[in-house]
Amino acid sequence: MQTSFTLAQLADPDVAESEKILRACVHCGFCTATCPTYVLDGNELDSPRGRIYLIKDMLENDRPATAEVTLHIDRCLSCLACMTTCPSGVHYMHLVDHARAHIERTYRRPAHERLLRAALASLLPYPQRLRLALSAALVGKPFAALAEAVGLKRLAAMLRLAPWRGPHRPLAPQTFKAPGPRKGRVALLAGCVNDVLAPQINAAAIRVLNRLGIEVVVAEGAGCCGSLVHHMGRERQALVQARTNIDAWTAIDGLDAIVITTSGCGTTVKDYGFMLRADPIYAERSAKVASLAVDITEYLAELPLEADENALGLVVAYHAACSLQHGQRVTRQPKELLVKLGFVVRDVPDGHLCCGSAGTYNILQSDIARRLRDRKVRTIERVRPDVIAAGNVGCITQIATGTKLPAVHTIELIDWATGGPCPPALGKHRPQLAMRPSAAAG
Ligand code: SF4
Ligand code: SF4
């Protein structure tokens, strides 16, 4: 695609980067076929190609974002299916990140929108504040349908996503030593939402790693990876969070990896090197941290896992989180690990399409998110699984609001199959699972 940025504009490294990306696009439109928002409504402006044009026009003309551009960029899930499909290697993620930051700087949203975004940005990344908010949500949860009926759709979406039980305490900084000789040492990103909503995920990861002789460090000072606010265009806040984590992890000696159990966070931490490339103090360290970051399944794929006998041929619908399959291109490892441990893994039809979770998307764009969730649940139920597995707490929470099937993190199944406890979400379904023909045969 031809561009016409001036030399003065290109002196800005972010504009220069976006210009490179824009030039790579040959507007072939292949990406439209796999874009969830285009698949739903067929509007070119809600396709990757349409958004690329809008961003080009806005940046080239040095224009403040308009309401129209903001609408279509806000509707983008940052699922990155378009990057997997694009034959020209267009780095849509960096382009849309730049556009979101530009919108945040130049567009004044309506007051209620600003208030909601400010509330999400000041609550979600901070586990203690999030715990308080979730405690309040517990009181309001029975009124979710009422909120929907009177048109408070976003409030209804938030209440539906909140769990029916009280929130958990975040994992305190500490070291989990492996019994026996140490075979490795990793830092675990405890995360923010992940840890408060579903502490069993990190607990399972720690047990599996320790069982394999890997020491696990939860670093003092590490917190939210920054992705939640990064995707809202709040660049400064995201970079503060990234730098805080880099300080925390680079203070630990002898790390083999930084292990991440939430794939949305993994995509962002792997991008720290790019996000801080122009920071003279952090550029080198951010690149090092990014190179150490791995999804838990990537790390485990290299280790000798041995099955206990818990899997019992359980049929697992593997939902590939967008951030894992498109953002990190980790596609094989989760499924191979589950198969190796005795599960029967079924791919979900149209598995490249997002479930609608996408960070805060299921709150901010609750209508589209719900349609994508319903579509995803229909395709999952078609493969008749016993359980749904995914590598991202956002997807698990989103999908669980639309189905009676148990939804768990892949690591919970791996832990269970290698001697750990049954995942809590599966526990409730155990009597039905025990009645299955394959279980009886086993
Ligand atoms: S597939 Fe790639 S090159 Fe083609 S329109 Fe989409 S982003 Fe541009
Ligand atoms: S990131 Fe996802 S929603 Fe956004 S343009 Fe690409 S495919 Fe469409």
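Structure first, text after, so check above.
Owing to the predicted nature of the structure, the values given are computational and were not obtained by experimental measurement. (Residues numbered from 1 in each chain as written. Chains lettered and ligands numbered in written order. Predicted model: local features only at pLDDT ≥ 70, side-chain atom pairs only at ≥ 80, totals over all residues. Heavy atoms only, no water.)

Asks: A description of the overall build of the protein chain should follow, citing residues and the corresponding values.
Replies: Tallying secondary structure elements over the protein chain gives 28 helices and 9 strands in all. Compactness check: the protein chain gives a C-alpha radius of gyration of 22 Å against a globular reference of 22 Å for 442 residues, within 12% of the reference. Considered along the principal axes of its C-alpha atoms, the protein chain spans approximately 65 × 55 × 45 Å. Taking all 442 residues of the protein chain together, 56% fall into the buried category. For the protein chain, long-range pairs separated by at least 24 residues make up 73% of all intrachain contacts whose partners lie at least 6 apart in sequence. As displayed, the protein chain offers around 18800 Å² of accessible surface, 56% of which is attributable to carbon and sulfur atoms. Each charge sign in the protein chain was given a centre, from 51 positive and 41 negative side chains, and these centres are 5 Å apart. (Helix = DSSP H or I, 4+ residues; strand = E, 2+ residues; numbered from the N terminus. Rg over C-alpha atoms; globule rule 2.2 N^0.38 Å. Buried < 20%, exposed > 50% of the residue type's maximum accessible area, 1.4 Å probe, protein only. Contact = heavy atoms within 4.5 Å. Areas by Shrake-Rupley, 256 points an atom, 1.4 Å probe, with all protein chains shown as cover. Lys, Arg positive; Asp, Glu negative; His and termini not counted. Charge placed at Lys NZ, Arg CZ, Asp CG, Glu CD.)

Asks: I'd like to hear about the sheet that holds strand β3 (residues 214-218), residue by residue, with values.
Replies: An order of β1-β3-β2-β4-β5 is seen for the 5 strands of this open sheet, with the pairing classed as mixed. In this open sheet, the two edge strands, each paired with only one partner strand, are β1 (174-176) and β5 (293-295). Within this sheet the neighbouring strands show an average axis-to-axis angle of 30°, counted without direction. Where strand β2 (residues 184-189) meets strand β4 (residues 257-260), 4 bridges bridge the pair, whose relative direction is parallel. From the neighbouring strand, Leu189 faces β4, where its bridge partner is Ile260. (Pairing = 2+ DSSP bridges. Axes fitted to C-alpha atoms, helices over the stretch in contact; angles between N-to-C directions.)

Asks: Now, about the packing of aromatic side chains: what can you tell me, with residues and values included?
Replies: The full count for this structure, using the stated rule, is 0 aromatic pairs. Note that Arg243 overlies the ring of Tyr282, its terminal NZ or CZ placed 5.7 Å from the centroid. (Phe/Tyr/Trp six-rings, centres within 6.5 Å; stacked < 30°, edge-to-face > 60°. Lys NZ or Arg CZ within 6 Å of the ring centre and 35° of its normal.)

Asks: Residue-level account of the side chain of Asn194, with values.
Replies: As for its placement among the helices and strands, Asn194 is situated in helix α12 (residues 193-197). At 3.2 Å, the side chain of Asn194 forms a polar contact with the side chain of Thr261. With near-sequence residues (within four places) excluded, Asn194 lies in contact with Pro199, Ile201, Asn202, Thr261, Thr262 and Val393. (Polar contact = N/O pair within 3.5 Å; in protein donor to acceptor, adjacent residues only side chain to side chain.)

Asks: Help me get a handle on the packing of helix α4 (residues 48-60) against helix α5 (residues 67-74), residues and values and all.
Replies: How two helices pack is summed up by the angle between their axes together with the distance between the axes. Interhelical geometry of α4 versus α5 gives an angle of 140° and a closest axis separation of 10 Å. It follows from the interaxial angle that α4 and α5 lie oblique. The interaxial crossing formed by α4 with α5 has left-handed handedness. Between α4 and α5, the residues in contact are Arg51, Leu54, Ile55 and Met58 and Glu68, Val69, His72 and Ile73, respectively. Broken down by class, the residue content of the contact of α4 with α5 amounts to 5 nonpolar, 1 polar and 2 charged. (Parallel < 35°, antiparallel > 145°, perpendicular 65-115°, else oblique. Left-handed = near helix turned anticlockwise from the far one by under 90°. Nonpolar A, V, L, I, M, F, W, Y, C, P; charged D, E, K, R; others polar.)

Asks: Summarise the side chain of Thr34; cite the residues concerned and give the values.
Replies: Locating Thr34 in the fold gives a position in the loop between α2 (13-24) and α3 (36-41). Classification of Thr34 by relative accessible area gives buried; the value is 15%. Here Thr85 takes part through its side chain, which lies 2.6 Å from a polar atom of the side chain of Thr34. With sequence-adjacent residues up to four places away left out, Thr34 is seen in contact with Ala81, Cys82, Thr85, His352 and Leu353.

Structural measurements only, silent on function.
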